[in-house]
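Working through the structure, step by step
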Amino acid sequence: MKKVYLINPIEADVGYFKWPNDEGGLTDYVYIADLATTTVARLMEPYFEVEICEASLYPINYDTDADFIAITGKISQWNHMKLLSLEFKKRGKTVIIGGSYASLSFEKVRPFCDILIRGEIEEIADQVFSEISSGNWKAEYIGTQPDMSFSPVPRWDLYPNERALMGSIQISRGCPFQCEFCDVIEYLGRKQRHKPIENIIKELDALYKFGYREAFIADDNLTVYRKKAKGILKAVGDWNRKQPDGPMLFRTQVSIDIARDEEMLELCTYSGLFAVFIGIETPNVESLKETRKFQNLQIDLVDQIHKVFEHGLSIYGGMIVGFDNDTPQIFERQFEFVTESSIPYVTYGLLNAPDQTPLYDRLNKANRLILEKDGTVAGNAYETNIDFKNISKEEAQIGSKWLMNNMYAPDNFGDRLCKFIELLGGTHQIANLKTFRSVNKELFKIIRKVKRMGDREAIMHERVIKMLAKNPHANVHALNYLALYASIRATMNLNKTWDQNLVAEQPFEYI
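Residues numbered from 1 in each chain as written. Predicted model: local features only at pLDDT ≥ 70, side-chain atom pairs only at ≥ 80, totals over all residues. Heavy atoms only, no water.

A look at the overall build of the protein
Helix and strand content of the protein: 18 helices and 15 strands. For 511 residues, the compact-globule estimate of 2.2 N^0.38 gives 24 Å, and the C-alpha radius of gyration of the protein, at 22 Å, lies within 12% of that figure. In terms of overall dimensions, the protein has C-alpha extents of about 65 × 60 × 45 Å along its principal axes. Out of the 511 residues in the protein, the part that is buried amounts to 60%. Sequence separation of at least 24 residues holds for 79% of the intrachain contacts in the protein that already meet a minimum separation of 6. Element-wise, carbon and sulfur atoms account for 50% of the exposed surface of the protein, whose accessible area totals about 21000 Å². Charged side chains of the protein number 61 positive and 70 negative; the gap between the two group centres comes to 3 Å. (Helix = DSSP H or I, 4+ residues; strand = E, 2+ residues; numbered from the N terminus. Rg over C-alpha atoms; globule rule 2.2 N^0.38 Å. Buried < 20%, exposed > 50% of the residue type's maximum accessible area, 1.4 Å probe, protein only. Contact = heavy atoms within 4.5 Å. Areas by Shrake-Rupley, 256 points an atom, 1.4 Å probe, with all protein chains shown as cover. Lys, Arg positive; Asp, Glu negative; His and termini not counted. Charge placed at Lys NZ, Arg CZ, Asp CG, Glu CD.)

Some details on the confidence of the model for the protein
On average, residues of the protein score 91 in pLDDT, and 92% of them are at 70 or above. In this model residues 15–20 is a low-confidence stretch, pLDDT under 50, and it forms 30 contacts with partners more than four residues away in sequence or in other chains. (pLDDT = per-residue confidence, 0-100.)

With respect to the packing of aromatic side chains
Tallying each qualifying case throughout the model produces 20 aromatic pairs. Ring geometry for Phe 68 against Trp 137: centres 5.6 Å apart, planes inclined by 85 degrees, an arrangement best described as edge-to-face. Separated by 69 residues along the polypeptide, Phe 68 in strand 4 (residues 68–72) and Trp 137 in the loop between helix 5 (125–134) and strand 7 (140–142) bring together distant segments of the chain. Residue Phe 68 is classed as buried on the basis of its relative accessible area of 3%. (Phe/Tyr/Trp six-rings, centres within 6.5 Å; stacked < 30°, edge-to-face > 60°.)

A few points about the packing of helix 12 (residues 330–341) against helix 14 (residues 393–407)
Packing of helix 12 against helix 14 leaves a shortest axis separation of 9 Å and a crossing angle of 20 degrees. With respect to helix 14, the element helix 12 is oriented roughly parallel. In this structure, helix 12 crosses over helix 14, and the sense of that crossing is right-handed. Residues Phe 331, Glu 332, Gln 334, Phe 335 and Val 338 of helix 12 form the contact with helix 14, whose participating residues are Glu 395, Ala 396, Gly 399, Ser 400, Trp 402, Leu 403, Asn 406 and Met 407. Its residues assigned to classes, the contact of helix 12 with helix 14 shows 7 nonpolar, 4 polar and 2 charged. (Axes fitted to C-alpha atoms, helices over the stretch in contact; angles between N-to-C directions. Parallel < 35°, antiparallel > 145°, perpendicular 65-115°, else oblique. Left-handed = near helix turned anticlockwise from the far one by under 90°. Nonpolar A, V, L, I, M, F, W, Y, C, P; charged D, E, K, R; others polar.)

Section: helix 17 (residues 455–470)
The terminal C-alpha atoms of helix 17, which comprises 16 residues, lie 24 Å apart, in line with the 22 Å expected from a rise of 1.5 Å per residue. Burial in helix 17 covers these residues: Glu 457, Met 460, His 461, Val 464, Met 467 and Leu 468. The buried side chains of helix 17 occupy one side of the element, clustering within an arc of 125 degrees when seen end-on. The exposed residues of helix 17 that point more than 90 degrees off its buried face are Asp 455, Ile 459, Lys 466, Ala 469 and Lys 470. On its buried face, helix 17 sits against helix 15 (410–423), helix 16 (438–450) and helix 18 (475–494). (Expected span 1.5 Å × (residues − 1). Arc of directions from axis to C-beta.)

Comments concerning a negative patch on the surface
A cluster of acidic residues, Asp 300, Asp 303, Glu 310, Glu 336 and Glu 340, forms a negative patch on the protein surface. Relative to the assigned elements, Glu 336 resides in helix 12. (Patch = residues over 30% accessible without salt bridge, like charges linked within 9 Å, V, L, I, M, F, W, Y side chains within 5 Å. Salt bridge = Lys/Arg side-chain N within 4 Å of Asp/Glu carboxyl O.)

Things to note about the pairing of strand 4
Across the 5 residues of strand 4, 5 count as buried, placing the element largely inside the fold. Where burial is concerned, the two faces of strand 4 agree: the one with Phe 68, Ala 70 and Thr 72 and the one with Ile 69 and Ile 71 are both buried. By the bridge criterion, 4 bridges tie strand 1 (residues 3–8) to strand 4 in an arrangement that is parallel. Residue pairing in the sheet places Ile 7 in a bridge with Ile 71 of strand 4. Bridge count for strand 4 against strand 5 (residues 94–98) is 5 bridges, and the pairing is parallel. (Pairing = 2+ DSSP bridges.)

What about the pattern of salt bridges?
This structure, assessed with the given rule, holds 35 salt bridges. In this structure, Arg 173 engages Glu 122 in a salt bridge whose closest nitrogen and oxygen atoms are separated by 2.6 Å. Of the two residues, Arg 173 sits in strand 9 (residues 172–173) while Glu 122 sits in the loop between strand 6 (115–118) and helix 5, which places them 51 residues apart along the sequence. Neither Arg 173 nor Glu 122 differs from the other in exposure class; each is buried. Between Glu 281 and Lys 293 there is a salt bridge, with the nearest N and O atoms lying 2.9 Å from each other. Here Lys 293 lies in the loop between helix 10 (285–290) and helix 11 (301–310) and Glu 281 lies in strand 13 (residues 273–281), a separation of 12 residues in the sequence. For the pair formed by Glu 281 and Lys 293, the shared burial category is buried. By sharing partners, the salt bridges in this structure join Glu 180, Glu 290, Asp 324, Arg 362 and Arg 368 into a single network.

Structure (structure tokens):
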């Protein structure tokens, strides 16, 4: 049987999932176990012997005896994907590339591979891998949007599970919303498809068997179809209550309209969900209209956020600057909104226009795209491929740095986290230390480093610990927020963007 060396490449930025060692973060662990390589490995199983390489953990074996090199990845991994391809091609290897970036940016990827696989692979997997194994492959394959029942239980037996903080499972694909900048609907479609409940339970059983007590539900919008989502959440909650060593905790992605459905919020916490990523994007109503983020309109965003907190869910918020209706004043408005919302942890970035999106098409026609001459892509929050309409390049850089330093100043972060602890409802998210694995215990080492960052950080840390005494059900949430705080500070230090001289109540000078 021929052999495939299947690689999950390194992210472009040190970022939130790979925390740098010399700044006190994880070196031998990853934040989320990779679902793509393990799922593809299962689909390859009848045709190949497969070895998975998690490049964030292990050095690449350029001397592998594998017959084929298979590389998957998203936009943030493209820079490393490209380097891997070049190195293996020098060694005469046949390179296969697939995944979301290859599907959306296929013209950029095609020169770097012998076999290009676009789209979702489940329905065409047998054809693709039988032809490759027999030596009669095509240069390009285009997948379908398959029924989710075709997606198999991943090969977690091939993955370094002991080095991942949480497992991963996908319940649905696709999103009916039409945000202009989003590439999900171009890749997975606007019709949401769900796995059968029995398949979901089989995958959860596998994750539990391999030691995971926390998992990321890798859906772009888990709860958008209410009736279907409620049935799934109920089934997951029922499964969770039968587990012999305690329940699993889950994180996922939803939209803010979840706050309008009381039953949905209750089922989320019943299932074991404790944290959700929500794309807030901006407090600028005109920008929300412009980008067709209609689900965030005609509501009090802060009120809806607090309602989610009150039901026992923490929020990781996504915020973006650079819409056509944004001016330099947006940075201060973003800071004021984040402060009022009390979301402790926010992923911030300048607006980018991914390939195939309506935003890319519109800006390309207007000659407002900054094309990458060397084929690299934006690797961190301060990079963009857009010539903004009302914000200069210099303003974007200075404003982003000002915003990040003000959001993550110890006093400001501490204020938000303490307010969150005060608002958080629910009764079931108390950490079970007996179920902690080595990777969980490593988080405590990182959290302890927060109070050693400086005097203000030590005061902030002490304030949070005192607040937790008043609401111990917030402990899992707070520990995760503190760990993420350590990671964002480490990232800013390495990127040389941490500058507390920028922390001020007044707007920055150029406004």
